[in-house]
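These are the residues of each chain, in order.
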Protein chains: 6
Amino acid sequence: MKIKLINPNTTQSMTDSICRMAVRYADPGTDITAVSPKTGPDSIECYVDEYLAVPGVIQEVIKGDRLEDMDAFIIACFGDPGLSAAREVTDKPVLGICEAAIAAAKFIAPYFSVVSVLDRSRKVTEDVVKAYGAESFCRSIRTTGLSVLDFGRDPEKGLAALAQEGRKAVAEDGAECILLGCAGFVDFVDALKQELGVPVLDGVMPAVKFAEALVKMGAKTSKANTWKVPEPKAFKGFDGIVDL
Amino acid sequence: MKIKLINPNTTQSMTDSICRMAVRYADPGTDITAVSPKTGPDSIECYVDEYLAVPGVIQEVIKGDRLEDMDAFIIACFGDPGLSAAREVTDKPVLGICEAAIAAAKFIAPYFSVVSVLDRSRKVTEDVVKAYGAESFCRSIRTTGLSVLDFGRDPEKGLAALAQEGRKAVAEDGAECILLGCAGFVDFVDALKQELGVPVLDGVMPAVKFAEALVKMGAKTSKANTWKVPEPKAFKGFDGIVDL
Amino acid sequence: MKIKLINPNTTQSMTDSICRMAVRYADPGTDITAVSPKTGPDSIECYVDEYLAVPGVIQEVIKGDRLEDMDAFIIACFGDPGLSAAREVTDKPVLGICEAAIAAAKFIAPYFSVVSVLDRSRKVTEDVVKAYGAESFCRSIRTTGLSVLDFGRDPEKGLAALAQEGRKAVAEDGAECILLGCAGFVDFVDALKQELGVPVLDGVMPAVKFAEALVKMGAKTSKANTWKVPEPKAFKGFDGIVDL
Amino acid sequence: MKIKLINPNTTQSMTDSICRMAVRYADPGTDITAVSPKTGPDSIECYVDEYLAVPGVIQEVIKGDRLEDMDAFIIACFGDPGLSAAREVTDKPVLGICEAAIAAAKFIAPYFSVVSVLDRSRKVTEDVVKAYGAESFCRSIRTTGLSVLDFGRDPEKGLAALAQEGRKAVAEDGAECILLGCAGFVDFVDALKQELGVPVLDGVMPAVKFAEALVKMGAKTSKANTWKVPEPKAFKGFDGIVDL
Amino acid sequence: MKIKLINPNTTQSMTDSICRMAVRYADPGTDITAVSPKTGPDSIECYVDEYLAVPGVIQEVIKGDRLEDMDAFIIACFGDPGLSAAREVTDKPVLGICEAAIAAAKFIAPYFSVVSVLDRSRKVTEDVVKAYGAESFCRSIRTTGLSVLDFGRDPEKGLAALAQEGRKAVAEDGAECILLGCAGFVDFVDALKQELGVPVLDGVMPAVKFAEALVKMGAKTSKANTWKVPEPKAFKGFDGIVDL
Amino acid sequence: MKIKLINPNTTQSMTDSICRMAVRYADPGTDITAVSPKTGPDSIECYVDEYLAVPGVIQEVIKGDRLEDMDAFIIACFGDPGLSAAREVTDKPVLGICEAAIAAAKFIAPYFSVVSVLDRSRKVTEDVVKAYGAESFCRSIRTTGLSVLDFGRDPEKGLAALAQEGRKAVAEDGAECILLGCAGFVDFVDALKQELGVPVLDGVMPAVKFAEALVKMGAKTSKANTWKVPEPKAFKGFDGIVDL
C-alpha cells in the first residue's frame, strides 16, 4: 500500500519529522512518501497561508492519483487545508490530520483539548473542530504564542510551553486527552505523554493508521454528489502549479 | 493482536455472521474472537433490550481484559450498548460499531443516512448519532419496519427493504453514503453497494480496522477522570453475571 | 394514589432519607412506597454502576405495574438510570429526579447550576442535562470530590462542600437556582437554602409533586412508538432478576 | 390554595372555557380565579397582539400578588406572553401554558408536535419552543389556517382541522404526543385523544397541576438577579392600566 | 429619505444623544427624526420595562408609517424591544440597534463582546444575541453594575467602568470588537475606541447606515406570512396609546 | 468612495452583469471598479474551483489596498471564497455577497431560502450559511441542476428554473424571502420579485450598500488578533500571482 503524506508547507525539515513519525507507525507493507508541494508558504498560521498552500496540495493529490499509484493521501497540517478539494480530485481516501486526531481522541477519551501555536491560529482550529461536529468534545483550544518556526528554532522552549498549556487544559478545562495542534509537534509526543499523564495525540500517527484502515476496507470517497470530480472548465494562471 | 468482538445479543447465528465479516477484513496478524454474552436478549430493539444486554457486555470485556489477554474490544450492536461502561473496566481500546461506522463515513462522504430495523429503534439511533456529534452529517434515519429476527428469517425480503430505503435516502434525503444500522446486516453490504451506487458501510468492518489501528498506535483509553476504573463497591445479585 | 420511589442503589439508609423527603411533600392521599432493588451497586458514581443498577430498576417497575397497583414511578438517582427502559414496561408515568428537578428549576429561575459528588460523575450529569434540552439553562456542574458514601459518613463535611460550590455557582457562574445532583442530598436542602439565599432543589420533592400532578391529569406514557411494550423475546440469565 | 388564571385576551367565552378546564382538574382545595385583563386584544395571533396583551397580564399579576392573596399565576395563551415580566412582579410561581404543556409532554413522550391556528402564528410557537430548549423534542408545528375566533364560531370545523393535522403529525412527522397550540382548544382535548390514539395535551391542565405542585413544594421564583423586582422608575401613560 | 429613530424610553436627554449620533453619521439627504414615545418607562432594564415600552414604540411606528411619510424606523434600545411587532405594522424597514450592531460587528471582526449596564439585563442581551444567531460570535456579555440613569448622572464613572470591562473582554474573553449594550452609550464610542485599540460599535450608527442602505435598495419587510399586517380585531384600553 | 468588486471567476460577461447591478445601486459619490482576477476558473461550482479562485482574489485585494486607494472590497461569488484571507491583507472592509445577502434578508424577513445552481454546490452554501450563524433562518437550499454557465447560455430556461424552485421554497418550505445563490443571477432579480411576490435578494446589491455604509461609519476590519496582517514569510511559486 502506498500512502502519500503531504506537508502543505514548504519547510523540508518539518516534512522530514512528519515522515519519520509516519514511517514509525506505518504497517510493514505500507510505503510512505512524504512531500512538500512545490508552491506555498514555509509555515501555515493564517488564512492567507492556508489558501496559498492549497493549490500545491491539490497538485500533489492529482499527481499521486494519476502518476504515482497512491492508495491514500494525508494532508499533514492541523487546519486540514484543502481537504474537501482534495477529495474531489481522487476517489482514494484523503485524510486530514486534525480530522484523524479528533476521530482517535473520541475513541479513547470523553473530552480533549488542543494545544497549538500562535493565538491568531485559534479560530482556524475552532473552525475545523466545529466542521467535524466536535465542539462538545473539545474542552479548550490553548495557544502558546509561539510560531511554527519558533518551535523549530527552539524545541525545548516549545516543549515547555506545550507542557504548560497541556497541564492547564487537564487541570482547569477538564481535558482527558491532549491533541497537538500542529504537524510540527510530532517530535514532542513522547515527552508530553510522560509529562501530562493523559493520552497525547499528534494527528500524523492516527491519520496514517486510519488511512491504512480505509484502504484495507476498500473504502473510496463517495462520488455521489458533493465530492464528484470537478466539471471540466478553463483555469487561468495555474499552468505548472495545478494540472487539472 | 487479539480483538474480542462482542455481539451483545445471544443469537449465535448473528455472532457467526459478524465474525465472518470481521475475519474477512482483519489483518493477517489479528486474532478475532467473537462471542455472545451468557446473559441478555436474543435481539436488541428497545431500551429494555439494551439495558439487559449491557451486564453481559461488561462481563465479556472484564474477562477479555483479565483472563484472555485481549488487545481491543468491539461492541457489535448499532446502539453501542454499554460502551462507556466498557471503557471503565479496561484501558484497552473499546469501539462501538455505530461510532466506528460514523467515523468511517465522515472520512469518505459529506453526508450519510442510516437504514435500520423497527421504527421504534429510530430514537436509539438518533441518540447515538447525537452523542457522537454527527447530527449535521446525518441526513436521515430510515427504518424498514422489520425486526432484527425478521431479517434472519427472510433475508431476501430484508435486502429488498434495505435497498428501497437506501435508494430513498440517496434520492430524497441527500445521503452520499449509507450506514447499515444493525450488526446483523453485515451479509447485505456487497449487494447493497452494487444496488445503490454509493458507499455502503456496516459497522463491524470499520470497527475491526480502527481497533487494529488504535492498538498499533499504542492508544489506551484515558483514565484521567470519567472512564477511570470504577471505585470498589458492593454489588448485589450479579454473582456469576458480572465479576467486577 | 400510590407512587413507587425506586432508589436505584442498594443502600437502605439512602432509601430511608429519600422516603422521608417524599412523604414530607406528598399529598395526604398519596401513598409512598420507597424501595431499593434487590440487585445493584450500593452507590452510583460511574457508568458501570448505572448499568448494573438498571435491571433492578426495571424489575421494580414491572412489579409495581403488575402486582402492586402503582400509579406512578420515580427513579431516585440524579443520572435517571434506566428511565427510557422503565417507560417501556409500564404506561404509568415514570419520572427521573434529574428530569423533575430541571423542570421545576425552569419554572422558577432562568439559570441553574448543579452541585454534585465525584468529578468523574460530571459527564453523566452533562449527558442528562443535554438529553433534556437544558444546556442553555445550566450555568455549571460543580463537583465536591466527595463520593456518595462520603456524604453519608460525614454529613457536615458534605454540607460544607456543597455550600462552597453552591456559593461559587451563584457568584461566579451566574446560577440563580441550585440543583442537588444526588438523591442522597435530600437532607441538605433546608440548610443550603438558608446558606445560599437562592432556591435550592433536590429532585425527589419535585418528582413526587409532578408525579402526582401527572396521575391526576390522567396522563399516560405514550405507547405510540418508541416506548411501546418491548416485543416478546428470549432473555438469558435474568431469571429472578428481571421478570419480563 | 388560590391560583389565578389569566387569559391574556379579552374574549370572555374563552376565559370561561379555560376556567372550566382548570376547575375540572384542580385539586379540591384549590380555588381557581380566571380573568381576562381589562386591556388587550380579543385574540392573540401576531406579535402586536402579544405586546398589547402583556400590560394587562402584568396588571393582573400585580393585583393578584398584592390584593388578592394569590399563590400562583397561569398565563393561558400558548405564546406565554409576558411570562418573564410577570415573574419580576411577584415571587409566587408563574407558569405559561406552553411551558407547562411542553414539560408534561417530555415526561410522557419522546417527541411531540404542536397543532395550532393561523400559519402566521407558527413563528411565535417556534420561538417559545426554542426558548424552552425543546427544539429536539418537537417534531413539527402544524397550523390549520383557522383563526382563534374561527374556532369559536365553528368548533366542528375546527375540531376536524385539528384532527387532520394531528393525524399527519403522528403519521408523517413522528409525533408521539400532540400539544394543542391555543388555550381556546381546551374543549377539543377529549375528542382528539380518542381520534388520534396518542396523548393529547392542552396547556391549561398541566399548568394548573404543576402550579399546585410548585406551591406545595414552597417554590418561589428566584429573585437572585434576572427576575428581581423591577427598579422603581417613572412610567408614563399606564395609569389605570398597570399599577407598578 | 426620512428615518424615524425611536428611543423606547421617555428620557429626553438620551433621545437627544442618540439623535446627535444619528445626525452625525446620516447621509446629507437623510432627514432624522428622533422621538421618545408618549408612554413607557424612563429607562429599560428589565422585562417589565421592555413590555411597557413596546406599545409606545408600536404607536410611533404606526404614526411614522401613516402620517409622517417615514422611509425607515430604528428602535434605539439594545434589547430591540417590539421589533417583530413593529415589522407587522409597516412594510418600511425597521431595524433594532442590537441587530444592526451585531451585523456590523460580523463584517469587521470574527468575535465580539457586549459591555452593558446592570447584571440583571444580561439575560435580555443573551436572548437577543441568540435570536439573531450570533451566539458563536459573541465571546461574552459583561456588565458594569451601573444603571442606565447612573451613566447619565456620572458619565466619567460610566466610561471608566465600560473601559475596564472592555479591556477584560479583549484580554480574557478573546473579543476582537466591542459592542456597547445600551443606546445611552453613544457618547462614549470615541473615547473607548482610543482606550481599547479594537473596533468599538454602538448600535445607533450602524442602524442609521443600514437603514439608509435598505431604503436605497428598495427593500421592504416581507409581508408573506409572519410579519403580515395584523388581522383587524378589537383592542381594549389602548385608546390614545396605540391607534391600530 | 471607491469600491472594488471582485468577481472571483474569470468570465468577463458575468463581471459585467455584476458591475451593472453594483453601479445601478451605488451612491452617486461611489466609484465602482469590477474585476476578474487574472488567475482562476471561469466558474465556481466546487471546492477545487473555490480554492483556485482565492489566490486571484487575494491579489486583487492587495492591489486595491496598496495601489488603487480602494475604500472597500466585495467578493462577488455566493460561497464568499477567500473572505477571511482577504480580511487579513487589508484593514478596509471586505464583504462577501452571501454574507451581505443574509444580513439584508434577516432585516426584512424571518426566514429565507436560497435558490442555486448545481446540486453539488449545495454543501458549499450550507457551509457559509452555517458559518454566519444563519441555519435557523434558512428554510432550505434549493438547486436547479443547471451550471453557472448554463444560466449564461440559456437565461430564459435559467429564470424558469429559479422561479420554480423559488415558488416551492415559499409554498413548501416556509421561505418568506428568496436569496439568489450565485452572483450570476443579478439579472433575474426583478423578474423573480414579480413572479414570487416575496422579497428577492441577490447579494451584490446589499454588499454594495453595506460596504458604503461601513466606509461611511469609518469601520475598519479588526486587527486585534485573527485577521492581523500575515506574518512575513517565504512563499514559493506565487510570483506574479500573489504579491504579498
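If you're wondering where the values come from, they're calculated on a predicted model, not measured in any experiment. (Residues numbered from 1 in each chain as written. Chains lettered and ligands numbered in written order. Predicted model: local features only at pLDDT ≥ 70, side-chain atom pairs only at ≥ 80, totals over all residues. Heavy atoms only, no water.)

(A) Representation of the domain arrangement of chain A in the model. Residues and elements named next belong to chain A. As far as domains go, chain A holds domain 1 (2–96 + 205–217) and domain 2 (98–203). Taken together, the contact pairs 27 residues of domain 1 with 33 residues of domain 2. Of the roughly 2,300 Å² buried at the junction of domain 1 and domain 2 (both faces included), carbon and sulfur atoms supply 62%. When the area that domain 1 buries against domain 2 is broken down by residue, the three leading residues are Glu45, Tyr47 and Phe78, summing to 34%. For the salt bridge of Arg87 with Glu99, the shortest nitrogen-to-oxygen distance reads 2.8 Å. Remark: the boundary between domain 1 and domain 2 carries 14 residue pairs in polar contact (both at pLDDT 80 or more). Of all the secondary-structure elements, those providing two or more residues to the side of domain 1 that touches domain 2 are α1 (12–25), α2 (47–66), α3 (83–88), β5 (94–96) and α9 (204–217). With six residues, α1 is the single largest residue contributor to the side of domain 1 that touches domain 2. Looking at the side of domain 1 that touches domain 2, its residues break down into 15 nonpolar, five polar and seven charged. (Domains from an automatic or database assignment. Contact = heavy atoms within 4.5 Å. Buried area = accessible area lost by both parts, 1.4 Å probe. Salt bridge = Lys/Arg side-chain N within 4 Å of Asp/Glu carboxyl O. Polar contact = N/O pair within 3.5 Å; in protein donor to acceptor, adjacent residues only side chain to side chain. Helix = DSSP H or I, 4+ residues; strand = E, 2+ residues; numbered from the N terminus. Nonpolar A, V, L, I, M, F, W, Y, C, P; charged D, E, K, R; others polar.)

(B) Examining the interface of chain D and chain E more closely. Chain D puts 43 residues into the contact, and the matching count from chain E is 43 residues. Both sides together, the interface formed by chain D and chain E hides about 3,700 Å², and carbon and sulfur atoms give 61% of it. Its largest share of buried area at the contact with chain E, chain D owes to Tyr51, Leu52 and Arg120 of chain D, together 21% of the area lost on that side. Applying the counting rule to chain D against chain E returns eight salt bridges. For Arg120 of chain D, the salt bridge goes to Glu88 of chain E, with nearest N and O atoms at 3.3 Å. Where chain D packs against chain E, one counts 28 residue pairs in polar contact (both at pLDDT 80 or more).

(C) Geometry of the environment of Leu149 of chain A. Relative to the assigned elements, Leu149 of chain A resides in helix α6 (residues 148–153). When the C-alpha atoms of Leu149 of chain A and Asp42 of chain A are compared, they prove to be 8.7 Å apart, with 107 residues separating the residues in sequence.

(D) Local environment of the pairing of strand β2 (residues 31–35) of chain A. Residues and elements named next belong to chain A. Both strand β1 (residues 2–6) and β2 contribute to a ladder of five bridges, which runs parallel. Counterpart to Lys2 in the pairing with β2 is Asp31. Read as a crossover between parallel neighbours, the route from β1 over α1 to β2 is right-handed. (Pairing = 2+ DSSP bridges. Right-handed = clockwise from strand over helix to strand, strands pointing away.)

(E) Highlighting the packing of aromatic side chains. Counting across every chain of the model gives 36 aromatic pairs over all chains. Taking the centre distance of 6.1 Å and the plane angle of 55 degrees together, the rings of Phe151 of chain B and Phe188 of chain B count as tilted. Taken as a pair, Phe151 of chain B in helix α6 (residues 148–153) and Phe188 of chain B in the loop between β8 (178–180) and α8 (189–196) lie far apart in primary sequence, 37 residues in all. For Phe151 of chain B, a relative accessible area of 4% gives the class buried. What makes Phe188 of chain B buried here is its relative accessible area of 8%. Pairing Phe185 of chain F with Phe188 of chain F gives two aromatic rings, centres 6.0 Å apart and planes at 55 degrees, and the pair type is tilted. Assessed through its relative accessible area of 0%, Phe185 of chain F is described here as buried. Three or more aromatic residues joined by ring pairs make a cluster, and in this case those are Phe107 and Phe210 of chain A together with Phe107 and Phe210 of chain B. Over the ring of Phe137 of chain B we find Lys106 of chain B; its NZ or CZ atom is 4.6 Å from the centre of that ring. If you follow Arg139 of chain D out to its NZ or CZ, it ends over the ring of Tyr111 of chain D, 3.8 Å from the centre. (Phe/Tyr/Trp six-rings, centres within 6.5 Å; stacked < 30°, edge-to-face > 60°. Buried < 20%, exposed > 50% of the residue type's maximum accessible area, 1.4 Å probe, protein only. Lys NZ or Arg CZ within 6 Å of the ring centre and 35° of its normal.)

(F) Main features of the relation of the copies chain D and chain E. Overlaying chain D on chain E yields an RMSD of 0.0 Å, the required transformation being a rotation through 180 degrees with an accompanying axial translation of 0.0 Å. The transformation just described matches what one would write down for a two-fold rotation axis. By C-alpha distance to the rotation axis, the residue of chain D lying nearest is Tyr51 of chain D, at 3.4 Å. In this assembly, 100% of the residues forming the interface of chain D have copies in chain E that are likewise at the interface, indicating an isologous arrangement. (Least-squares fit on C-alpha atoms with pLDDT ≥ 70 in both.)

(G) Representation of the packing of helix α4 (residues 97–108) of chain B against helix α9 (residues 204–217) of chain B. Residues and elements named next belong to chain B. Following both chains from N to C, one finds α4 and α9 inclined at 85 degrees, their axes separated by 8 Å at the closest point. Considering the angle they form, α4 stands roughly perpendicular to α9. Where α4 abuts α9, its residues Ile97, Ala100, Ala101, Ala103, Ala104 and Phe107 lie against Val204, Pro206, Ala207 and Phe210. (Axes fitted to C-alpha atoms, helices over the stretch in contact; angles between N-to-C directions. Parallel < 35°, antiparallel > 145°, perpendicular 65-115°, else oblique.)

(H) Representation of the interface of chain F and chain A. Chain F puts 43 residues into the contact, and the matching count from chain A is 43 residues. Of the roughly 3,700 Å² buried where chain F meets chain A, counting both sides, 60% is carbon and sulfur surface. It is Tyr51, Leu52 and Arg120 of chain F that lose the most area in chain F upon contact with chain A, and together they represent 20% of the buried surface on that side. Glu231 of chain A serves as the salt-bridge partner of Arg120 of chain F, at 3.1 Å between the closest nitrogen and oxygen. Linking chain F with chain A are 28 residue pairs in polar contact (both at pLDDT 80 or more). Only β3 (40–41), α2 (47–66), α3 (83–88) and β10 (235–236) of chain F provide two or more residues apiece to the side of chain F that touches chain A. Of the residues forming the side of chain F that touches chain A, the biggest block, eight residues, is contributed by α2 of chain F. Looking at side-chain class alone, the side of chain F that touches chain A contains 22 nonpolar, nine polar and twelve charged residues.

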